[in-house]
Amino acid sequence: MILVTGATGRLGTQIVRVLRSVGLDVRCLVRKGSEYYWLNDTGAAYFFGDLRDPASVGRALRDVRYVVAAHGVRVERTDNDHKRVDADGSITLFHAAKERGVEHVVYVSCAGVESADQAPLFTAKRAAEEALVGSGLGYTILRPGLYVQNFADLARRVERNGNVFLPGDAATLVSPVHTRDVALMALAALDLPALRNVAVRVGGPETMTVGDAFARMCRVNGLPDAHWALPPAALRALGKLARPAGRRWRNRAEALAVHYAHPSAVDGAEMAALFGVPFTAYDEAARVAFTDRHPSEDPTARDEKVVHRQFTATIYEPGVISWDDLPAGPPPRRD
Ligand SMILES: NC(=O)c1ccc[n+]([C@@H]2O[C@H](COP(=O)([O-])OP(=O)(O)OC[C@H]3O[C@@H](n4cnc5c(N)ncnc54)[C@H](OP(=O)(O)O)[C@@H]3O)[C@@H](O)[C@H]2O)c1
């Protein structure tokens, strides 16, 4: 059994689909409030829990041999923040995995953790990486740079508003990667000896500047390359201005400044040789990422793709879990 955390996320969804497509048993750790049911058609099992709740994490790991940890906080909420989830939640997960006798953990971190940058997302990811390396578990740490989907998000704003702020430094070299390719890399990491107990920076097959990645995303999707530059210094200043509204916008600005200004280029040929997976060429990935949105981002896709076929499974230990921990049940059928 493979436990996938962050299964409802943009990357996690792809991971569940890839693992299930090769017939592996998958259990998704999902929050009760998550929109998990678009994974129903995969036949993956669900466990309802939360990385901030150690008891639920321990139970989710019962009979689990491998963990693929793809959780993360993109925009912090009052109590769901980088410290509680990306750092403490990950550490809880790794300790519990060790106790449960898990063989191998694939942890999705991010490029930039190795730099001395103190942005909260990166310090949290670094703490998680250190805990995993020191845990005695078998591990693979994947450190992707920017996802192709990030540029698709920006292009959608151009479609909606006619223009967008391009964060970071347009000259930064990056190798944008499609989340499906990261999912294939996670699958390879469960299997390949060369990927045991290593931290690898990962990316897509082509290296380009942030400015070019955005321009190509717009071009292949028939949009103008219309943007205003939002350099890291300006981003950070805006984050500071937003401070009275809460730290989350400041932290988000810090994360964007690192993501879009920290060089994260990789050698595509080296990636292909190491992982042995077919990578999606950037223009193709750009087309797919722009049209094939995550259901949470597209009401039309949501109606078309959300599958209510069956409520697959809830794993619980009778007498240990309370009635409130159980899901309310499947959503109403719409098809
Ligand atoms: N976007 C990028 O360019 C990029 C680049 C490098 C690395 N990464 C890393 O890649 C990973 C996946 O990114 P993504 O874009 O797929 O993120 P995402 O779409 O925001 O998904 C995050 C996932 O984490 C889950 N999660 C959040 N808080 C949780 C909690 N308290 N307990 C359990 N699960 C929780 C979310 O569940 P809910 O559905 O319940 O919210 C969701 O499934 C992250 O670790 C991210 O840092 C991203």
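Here the structure is a predicted model, which is why all the values come from computation and not from measurement.

**Here we look at the overall build of the chain**
Looking only at helices and strands, one finds 12 helices and 11 strands in the chain. Buried positions account for 48% of the 335 residues belonging to the chain. By sequence separation, contacts in the chain at least 24 residues apart represent 77% of the contacts at least 6 residues apart.

**Some points on helix H1 (residues 10-21)**
The end-to-end C-alpha distance of H1, which contains 12 residues, comes to 17 Å, matching closely the 16 Å that a straight helix rising 1.5 Å per residue would cover. Where H1 is concerned, the buried positions are Arg10, Leu11, Gly12, Thr13, Gln14, Ile15, Val16, Val18 and Leu19. In the segment just after H1, Gly23 is the residue with positive phi, at about 80°.

**Remarks on the site of the ligand**
Taken together, 27 residues lie around the ligand, and Gly6, Gly9, Ser34, Gly72 and Cys110 are the ones closest in. Those elements giving two or more residues to the shell around the ligand turn out to be H1 and helix H3 (82-99). Among the elements that take part in the shell around the ligand, H1 stands out by supplying three residues, more than any other. Within the shell around the ligand, the residues separate by chemical class into 11 nonpolar, 11 polar and five charged.

**With respect to the nonpolar core**
Core analysis: the biggest nonpolar cluster contains 101 residues, and Val4, Ile15, Cys28, Val67, Val68, Val105 and Ala186 have the highest contact counts within it. In terms of residue count, the dominant contributor to this core is helix H6 (residues 179-189) (seven residues). When near neighbours in sequence (up to four residues on either side) are disregarded, Ile15 contacts Val4, Val68, Ala70, Ala183 and Ala186.

**Observations concerning the sheet that holds strand S6 (residues 138-144)**
The strand order S3-S2-S1-S4-S5-S6-S9 describes an open sheet built from seven strands, whose pairing is parallel. Lying at the two open borders of the sheet, with one neighbouring strand each, are strand S3 (45-48) and strand S9 (198-202). For this sheet, the mean angle separating the axes of adjacent strands, direction not counted, is 20°. Sheet topology places S6 next to S9; five bridges connect them, and they run parallel. Of the residues in S9, the one forming a bridge with Thr140 is Val198.

**Examining the environment of Trp228**
Take Trp228: it is sitting in strand S11 (residues 227-230). Separated by 65 residues in sequence, Trp228 and Asn163 have C-alpha atoms that sit 7.5 Å apart. Other than its neighbours up to four places away in sequence, Trp228 contacts Asn163 and Phe165.

**Re H3**
Look at H3: 24 Å from first C-alpha to last across 18 residues, which is about the 26 Å you get at 1.5 Å a residue. Approximately 30° is the largest bend angle found in H3, and it occurs at Asp88. Buried within H3 we find His82, Val85, Asp86, Ala87, Gly89, Ser90, Thr92, Leu93, Phe94, Ala96 and Ala97. Against strand S1 (2-5), helix H2 (54-60), strand S4 (66-69), strand S5 (104-108), helix H4 (120-134) and helix H9 (247-259) lie the buried residues of H3. With its phi angle positive at about 80°, Gly101 sits one or two positions after the end of H3.

Calculation notes
Residues numbered from 1 in each chain as written. Predicted model: local features only at pLDDT ≥ 70, side-chain atom pairs only at ≥ 80, totals over all residues. Helix = DSSP H or I, 4+ residues; strand = E, 2+ residues; numbered from the N terminus. Buried ≥ 20, exposed ≤ 12 C-beta atoms within 10 Å, placed from the backbone. Contact = placed C-beta atoms within 7 Å. Expected span 1.5 Å × (residues − 1). Near = placed C-beta within 6 Å. Nonpolar A, V, L, I, M, F, W, Y, C, P; charged D, E, K, R; others polar. Core = buried A, V, L, I, M, F, W, Y, C linked by C-beta atoms within 7 Å. Pairing = 2+ DSSP bridges. Axes fitted to C-alpha atoms, helices over the stretch in contact; angles between N-to-C directions. Bend = angle between axes of the 7 residues up to and from the residue.

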